[in-house]
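As a plain string of letters, each chain reads:
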Amino acid sequence: QVQLVESGGGLVQPGGSLRLSCVVSGRIFSIYGMGWYRQAPGKERELVAVITGGGGSAMLVDSVKGRFTISTDNAKSTVFLQMNSLKPEDTGVYYCNRSPTLPKYPWGQGTQVTVSS
């Protein structure tokens, strides 16, 4: 059974930074193909960023390009999301899971990010 544990969220002022972590435990094929999703209040969960191509590339949605970076520590089966220049519209619960093109692992509890002054 694969387990996803997200952490690193919090309350931050606009323009601030946070680094989210997702530890993937259990039998997995590869840490590549993992990504980050977020669910804003009253909205559906959406993809934010994903590691693709065997780890050689990353895809980020337009709204976070230039501000967010996704990376992995393969030895620790951990996926990171570095978030800079945060905006109020980045507020939401952030989850990690596999790429939209792959079957999903059971969702973790997520980590709350609140961007507010």
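Reading the values: rules and limits
- Residues numbered from 1 in each chain as written.
- Predicted model: local features only at pLDDT ≥ 70, side-chain atom pairs only at ≥ 80, totals over all residues.
- Heavy atoms only, no water.
- Helix = DSSP H or I, 4+ residues; strand = E, 2+ residues; numbered from the N terminus.
- Polar contact = N/O pair within 3.5 Å; in protein donor to acceptor, adjacent residues only side chain to side chain.
- Contact = heavy atoms within 4.5 Å.
- Core = buried A, V, L, I, M, F, W, Y, C linked by side-chain atoms within 4.5 Å.
- Buried < 20%, exposed > 50% of the residue type's maximum accessible area, 1.4 Å probe, protein only.
- Pairing = 2+ DSSP bridges.
- Axes fitted to C-alpha atoms, helices over the stretch in contact; angles between N-to-C directions.
- Salt bridge = Lys/Arg side-chain N within 4 Å of Asp/Glu carboxyl O.

Engineer: For this particular structure, what's the right way to read the side chain of R67?
Structural biologist: Along the polypeptide, R67 turns up in the loop between β6 (57-60) and β7 (68-73). In this structure the side chain of R67 is engaged in a polar contact, spanning 2.8 Å, whose partner is the backbone oxygen of S63. In contact with R67, not counting residues within four places along its chain, are Q82, M83, N84, S85, L86, K87 and D90.

Engineer: What should I look at first to understand the nonpolar core in this one?
Structural biologist: For soluble globular proteins, the rule of thumb is that nonpolar side chains tend to be buried together. Core analysis: the biggest nonpolar cluster contains 26 residues, and L4, M34, W36, F68, L81, M83 and Y94 have the highest contact counts within it. Sorting the residues of this core by element identifies β3 (18-25), β4 (34-39), β5 (46-52), β7, β8 (78-83), β9 (92-98) and β10 (111-115) as the ones contributing at least two each. Sorting elements by how many residues they give to this core places β3 first, with four residues.

Engineer: Is there a simple way to explain the sheet that holds β6 in this structure?
Structural biologist: Within a sheet, adjacent strands bond to each other through the backbone by hydrogen bonds, running parallel or antiparallel. Overall, mixed pairing links the six strands, which are arranged β2-β10-β9-β4-β5-β6 in an open sheet. Every other strand in the sheet has two partners, leaving β2 (10-12) and β6 as the edge strands with one partner each. Strand after strand, the sheet turns through a mean of 20° between neighbouring axes, direction not considered. Note that β2 and β10 share three bridges and pair parallel. Bridge pairing links V12 to V115 in β10.

Engineer: Explain the pattern of salt bridges to me, please; I cannot follow it from the model alone.
Structural biologist: Any two side chains of opposite charge can pair, given that their charged atoms come close. In the structure shown here, the tally under the stated rule is four salt bridges. With its nearest N and O atoms 2.7 Å apart, the salt bridge here joins R67 to D90. Of this pair, R67 sits in the loop between β6 and β7 while D90 sits in the loop between β8 and β9, and the two are 23 residues apart along the sequence. Comparing R67 with D90, the two get one shared label, buried.

Engineer: Looking at this structure, how should I read the environment of I31?
Structural biologist: Along the polypeptide, I31 turns up in the loop between β3 and β4. Separated by 40 residues in the primary sequence, I31 and S71 place their C-alpha atoms 10 Å from one another. Sequence-distant contacts of I31, defined by excluding residues within four places in its chain, comprise V24, T72, N74, S77, T78 and V79.

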